[in-house]
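Structural overview for review
Listed below, chain by chain, are the residues.
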Amino acid sequence: MTDNTINPINPAEALRILSEKIKLETVIMQRLREEVGKVIVGQSYMIDRLLIALLADGHVLLEGVPGLAKTLAIKTLAEAIDVEFSRIQFTPDLLPADVTGTLIYNQKSEQFTVKKGPIFANFILADEINRAPAKVQSALLEAMQERQITIGDETYKLPAPFLVLATQNPIEQEGTYPLPEAQVDRFMLKVFLGYPTIEEEKQIIRTNVQKGGIPACGKVLSTNDIMRARELVREVYLDEKVEQYIVDLVYATRTPEKYGLAYLEPMIGFGCSPRASINLALAAKAYAFLQGRAFVVPEDVRAIAPDVMRHRMGLTYEAEAENITATDIVNKIINKVEVP
């Protein structure tokens, strides 16, 4: 089934009009990148993925060693977009009510009143999400999926836009609670962060030790700008051939032998869920939008596929014994599946 966002009466004209609208919006997005770049040195890969998730209405799971500006990045992004930012430090003694909120009894009025938790914000930083028990993780992930919270008998809608950035430290495993596969699947993207280059690190030093400290980030976008951009992202044209390519990439994780990748079968415990196909299509649209295009090309899908797919498949002990990662498998699939 083709995504018929282009007017069937005059598709060329509709595409041209959409392209003009997108070009105007990408100028605003470039201003946002520049503003964030005043504070965050390097890490353009991370910033781009945050923007893709924001435009595609998804969430991001970030994995990297401490000190790579994970917290600073989302805080700066929130400052630049004029939205409410909330940070939740996940610890083993955290309770679900500490995240979502609870009912408090008022003795004077003899009534219960609602005290909303830190989840009621536009941008949520779930710092070290794997440090909290399963109940707390579930409370957050339910909010991510349903975009609402139930406290007592009442259900409250969460604000829009709503973006959760969860971080994990890959080094420390003691006292952690790994996210179950079904919960990890709720994240649109899983992004691995590496160390900055030598030049970037020198610039980081200069930025942090200069007089006045890190420069302030100004507000360049409103929530209305984000919601308008999201609508345009949904209109980005996805051809049926590119749609088939997305499905082939996902199906290759389930039945690799049908794509000439039989040697991967012993490595994959289970393949990607249908959420991978949905999120890959949405993320590819957002990626094309950020490039200033009104249509998705296969290169958009290839660029974002590892971030969408790597956390949605299970590896066998054989793969782990041979030090083969999910990213390795996704890259092998991308290089093998025929590009339309």
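Residues numbered from 1 in each chain as written. Predicted model: local features only at pLDDT ≥ 70, side-chain atom pairs only at ≥ 80, totals over all residues. Heavy atoms only, no water.

Before going further, it helps to examine the overall build of the protein chain. Within the protein chain one finds 13 helices and eleven strands. Rg of the C-alpha trace for the protein chain: 21 Å, near the compact-globule value of 20 Å for 340 residues, within the 12% margin. Projected onto its principal axes, the C-alpha coordinates of the protein chain cover approximately 70 × 50 × 50 Å. Counting contacts in the protein chain only where the partners sit at least 6 residues apart, residues at least 24 apart contribute 80% of the total. Total accessible area computed for the protein chain in this model is approximately 16700 Å², and 52% of it derives from carbon and sulfur atoms. (Helix = DSSP H or I, 4+ residues; strand = E, 2+ residues; numbered from the N terminus. Rg over C-alpha atoms; globule rule 2.2 N^0.38 Å. Contact = heavy atoms within 4.5 Å. Areas by Shrake-Rupley, 256 points an atom, 1.4 Å probe, with all protein chains shown as cover.)

Before going further, it helps to spend a moment on the side chain of Asp 225. For Asp 225, the location among the structural elements is in helix α8 (residues 223-235). Within the structure, Asp 225 has its side chain in polar contact with the side chain of Arg 228 (distance 3.0 Å). In this structure, Asp 225 is in contact with Glu 25 and Val 220, ignoring residues within four places of it in sequence. (Polar contact = N/O pair within 3.5 Å; in protein donor to acceptor, adjacent residues only side chain to side chain.)

Here five strands make up an open sheet; going across it, the order is β2-β5-β8-β1-β9 and the pairing parallel. Edge strands, defined here as strands with exactly one partner in the open sheet, are β2 (85-89) and β9 (189-192). When the angles between neighbouring strand axes are averaged without regard to direction, this sheet yields 20°. Sheet topology note: the strand β1 (residues 60-63)/strand β8 (residues 163-168) ladder contains four bridges and is parallel. Across the sheet, residue Leu 62 finds its bridge partner in β8, namely Thr 167. Packed on one face of the sheet, helix α2 (residues 44-55) meets β1, β5 (123-127), β8 and β9 and runs near 170° to β9. Sitting on the sheet, helix α3 (residues 70-81) is in contact with β1, β2, β5 and β8, with an inclination near 170° to β5. (Pairing = 2+ DSSP bridges. Axes fitted to C-alpha atoms, helices over the stretch in contact; angles between N-to-C directions.)

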